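# A look at the structure
Single-letter residue listing:
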Amino acid sequence: MALNNVKETFGAALPDDGTAVDVLIAGAGPTGLALAIDLTRRGVRTLLVERQEQLSPGARGNGMQPRTQEVYDDLGLIDAAFAAGGRYPKTARWENGEIVDVTEMIEWVDPTPDNPYSNGLMLPQYRNLELLRARLLELGQDVVFHTELTAFDQDSTGVTARLRHTDGTERTVRAAYLVASDGGRSTVRRALGVKMSGPELEPVGVLLADVRVDGLDRDHWHRWELPNGGFVGMLPLARTDRFQTMIASFNGTTDTSPETIRAELAAHTHLGAEQIREVVWSSLFRPRAGLVDSYRTGRVFLAGDAAHIHSPAGGQGLNTSVQDAYNLGWKLGQVLRHGAPDSLLDTYETERRPIAEGILDTSTRLHRSRTLRRGRDLHQLGIGYPDSPLTRELRTDLAEGVPAAGDRAPEAPCTTADGTPTRLFDVFRGPHFTLLDLGGTGIDEGALPADPALLRVVRVGGPAPDLIDSDGHIRNAYGPAPAVLLIRPDGYLALAAPPEDATAQVAAALEACLGAGTEAVPAAG
């Protein structure tokens, strides 16, 4: 957004005083942008405001875990993400101006038909934000920059928010819901009085910088150990000419000027200050850890860093935040567009807070151990919601390894009835629920919602199949037994039931998410 046109854009992008949007989102980081994309594709009127003049610069958190890649697949971003990102290189440890050993810090996992995104993707956060905004623009929306949420009040029907532009212009906006994605120092969280608590981390000052360097190869993630227990790391950022630099010292400077970055690197590595050709961006970071007591206060929700903050160890924070948005987005869409009960929104905290609590424990453990090795336990593919009130597992003879209700729905290549290659992720993509009828269970579509924006019934095998499991990948992923599987819009199994009385079980599971008055398909004939 051009800075010389900000005032005009501010007036055009915001609704007139007193008019309403469905959801006001404060903060255009990864969480806010992902939520705006998901809501916009659902037809939800969304206003995304950001107090800064532009998207946040700097590589910052650059690891995209496999589960987040699956989210980006659904949101229409995965091809752009792979075009802009790359694989992490091996780590080279330096001593006395020489590489003394090279290790594979991040475990490589071969992709499989049910898990095509099997490794972390290096994608600098500033590029990630650019891709998210570009996708939002494709959907006809944008960020309103230079705009800060200064005050809000809520009542039983909505939130009244006061927005202030940097030129002093103020506007009042009425929204059905407010989502705070305004970071670890969230002004919304503080205004609500919601407490955040967590473990104490060592008071380590970390200088972060994106630099251009001469005389350092781009085939390794370079690392130098410091006598005080700190370290220097320089990671070549994929598809750029930059290195992400981290100077972690227990008694380091708080000055982030280019001169200090050059001096620190010259002091702690074999590089000379003159080899640091340019310091593109720099910041001081002090790891903190915390989790809020509550994700929801009436019509106001906390998401991303506003709800939980982590040590960067393990690359979990950004990924957890994007998945907060992915979980909340479909539920807001169901309530606002399809009459689902308000109680559906309570499951956002029920499902996501335990996940954040577990990830907080993991990142804190890695931070304190200072271990470098990263494995598939950080991929977040095993995250699920087996204890959610939205989860119903009705099968009694579940074979070992078969996903149960609450688990992530695996991928599986297959074909359409006419032999055209496709895959389950293509079938799932979009804001709808998907009902997989495995093995011709005789599901009665006439008793289920008719709107394809709500539910799509997909028959695998049987007398009139939509999909053919020609290579057995669906069978391998979901088991051989006939069953009906209801896949949520965020790619988790809400219901898994045997063929007996399956139609009634599906209808009951849907009612919790769609409301009781959803129109059914007219009877056949």
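Our structure is the block above this text.
Heads up: these notes are all about the structure in this document. This one's a predicted model, so the numbers in the text were calculated from it and none came from an experiment.

Calculation rules
- Every chain is numbered on its own, with residues counted from 1 as its sequence reads.
- Local features are withheld for residues below a pLDDT of 70 in this predicted model, meaning they are given only at 70 or higher, and side-chain atom pairs are given and counted only at 80 or more; totals for whole chains, interfaces and linings count all residues.
- Neither water nor hydrogens contribute to the side-chain values; these are computed over all heavy atoms in the structure.
- The helix count covers DSSP runs of H or I at least four residues long, the strand count covers runs of E at least two residues long, and both are numbered beginning at the N terminus.
- For a compact globule the rule gives 2.2 Å times the number of residues to the power 0.38, and the radius of gyration it is set against comes from C-alpha atoms.
- Residue contacts follow a heavy-atom distance rule, with two residues in contact if any of their heavy atoms lie within 4.5 Å.
- Note on areas: Shrake-Rupley, 1.4 Å probe, and residue coverage restricted to the protein chains presented here.
- His is not counted, nor are the chain ends, whereas Lys and Arg count as positive and Asp and Glu as negative.
- By convention, charge coordinates are those of NZ in Lys, CZ in Arg, CG in Asp, or CD in Glu.
- In this analysis an axis means a line fitted to C-alpha atoms, helices contributing only their contacting stretch, and an angle means the value between N-to-C directions, from 0 to 180 degrees.
- Oblique is the label for any angle not under 35 degrees, not over 145, and not in the 65 to 115 range, which are roughly parallel, roughly antiparallel and roughly perpendicular in turn.
- By convention, the crossing between two helices is left-handed when the near helix turns anticlockwise from the far helix through less than a right angle, and right-handed when the turn is clockwise.
- Gly is put with the polar residues, along with every residue not named as nonpolar or charged; the nonpolar set is Ala, Val, Leu, Ile, Met, Phe, Trp, Tyr, Cys and Pro, and the charged set is Asp, Glu, Lys and Arg.
- Between any two strands, at least two bridges found by DSSP are needed for them to pair.
- Only the six-membered ring of Trp is used, alongside the rings of Phe and Tyr, when aromatic pairs are assigned; centres must lie within 6.5 Å, and planes under 30 degrees apart are stacked while those over 60 apart are edge-to-face, with the rest tilted.
- For a lysine, the NZ atom is tested; for an arginine, the CZ atom; a charge sits over a ring if that atom is within 6 Å of the ring centre and within 35 degrees of the ring normal.
- Nitrogen and oxygen atoms within 3.5 Å of one another constitute a polar contact, given that in protein one can donate a hydrogen and the other can accept it, and given that sequence-neighbouring residues count only through two side-chain atoms.
- The span you would expect from a helix comes to 1.5 Å times its residue count less one.
- Burial classification: accessible surface area is computed with a 1.4 Å probe over protein chains only, and a residue below 20% of its type maximum counts as buried, one above 50% as exposed, and the rest as partly exposed.

Okay, the overall build of the protein chain next. Summing up its helical and strand segments, the protein chain has 12 helices and 28 strands in all. For 525 residues, the compact-globule estimate of 2.2 N^0.38 gives 24 Å, and the protein chain sits close to it at 24 Å. Structurally, the protein chain occupies a C-alpha span of about 80 × 55 × 40 Å along its principal axes. In the protein chain, the proportion of contacts linking residues at least 24 apart, taken out of those at least 6 apart, comes to 70%. Approximately 21400 Å² of the protein chain is accessible, and the part contributed by carbon and sulfur atoms is 49%. Distance between charge centroids for the protein chain: 4 Å, based on 51 positive and 70 negative side chains.

With that settled, consider the packing of helix H3 (residues 66-75) against helix H8 (residues 317-338). Across the interface, H3 lies against H8 with an axial gap of 10 Å and an inter-helix angle of 40°. When the axis of H3 is compared with that of H8, the two are oblique. H3 and H8 meet at a crossing whose hand is left-handed. Mapping the contact onto sequence places Arg 67, Thr 68, Val 71, Tyr 72, Asp 74 and Leu 75 in H3 and Asn 319, Val 322, Gln 323 and Tyr 326 in H8. Split into classes, the residues belonging to the contact of H3 with H8 amount to 5 nonpolar, 3 polar and 2 charged.

So, about the sheet that holds strand E17 (residues 290-292). Spatially, E11-E17-E20 is the arrangement adopted by the 3 strands of the open sheet, whose pairing is antiparallel. On the outer flanks of this sheet lie strand E11 (196-197) and strand E20 (308-309), each paired with one strand and no other. Strand direction decides the pairing type here: E17 and E20, joined by 2 bridges, are antiparallel. Within the sheet, the bridge partner assigned to Leu 291 lies in E20 and is His 308.

For the rest of this paragraph, the subject is the sheet that holds strand E12 (residues 205-213). Here we have 7 strands laid out as an open sheet, ordered E5-E4-E13-E14-E15-E12-E16, and mixed in their pairing. The open sheet has two free edges, formed respectively by strand E5 (98-103) and strand E16 (276-285), since each of these has just one partner strand. On average, each strand axis in the sheet is inclined to that of its neighbour by 20°, with strand direction left out of account. Sheet topology note: the strand E4 (residues 90-95)/E5 ladder contains 5 bridges and is antiparallel. Looking across to E5, one finds that Arg 93 is bridged to Asp 101.

Considering the arrangement of structural elements, one finds Arg 171 in strand E10 (residues 170-180). A sequence separation of 22 residues divides Arg 171 from Leu 149, and the C-alpha atoms of the two residues are 9.8 Å apart.

Bringing the packing of aromatic side chains into the picture now. In total, this model carries 9 aromatic pairs according to the counting rule given. A connected cluster of aromatic rings, assembled from ring pairs, spans Tyr 177, Tyr 295, Phe 301 and Tyr 348. One cation-aromatic arrangement involves Arg 223 over Phe 231; the distance from NZ or CZ to the ring centre is 3.9 Å. Lying over the aromatic face of Tyr 177, Arg 299 brings its terminal NZ or CZ to 4.7 Å of the ring centre.

What follows concerns the side chain of Arg 41. Here Arg 41 is to be found in helix H2 (residues 30-41). Within the structure, Arg 41 has its side chain in polar contact with the side chain of Asp 74 (distance 2.6 Å). Those residues in contact with Arg 41 that sit more than four places away from it in its chain are Asp 74, Leu 75, Leu 139, Tyr 326, Gly 430 and Pro 431.

Turning next to H2. For H2, built from 12 residues, the straight-helix expectation of 16 Å at 1.5 Å per residue is met to within 8% by its first-to-last C-alpha distance of 17 Å. Counted residue by residue, H2 has 12 buried out of 12 residues, so it is predominantly covered. When H2 is considered as a whole, its buried residues turn out to be Pro 30, Thr 31, Gly 32, Leu 33, Ala 34, Leu 35, Ala 36, Ile 37, Asp 38, Leu 39, Thr 40 and Arg 41.

For H8, spanning 22 residues, the distance from its first C-alpha to its last is 31 Å, which sits close to the expected 32 Å at 1.5 Å a residue. With 19 of 22 residues buried, H8 is to be regarded as a mostly interior element. Following H8 by one or two positions, Gly 339 has its phi on the positive side, about 70°.

With respect to the helices and strands, the residue Gly 184 is situated in the loop between E10 and helix H6 (187-192). When its relative accessible area of 13% is taken as the criterion, Gly 184 is described as buried. Other than its neighbours up to four places away in sequence, Gly 184 contacts Arg 189, Arg 288, Asp 305, Ala 306 and Ile 309.

What is shown is where atoms sit, not what they do.
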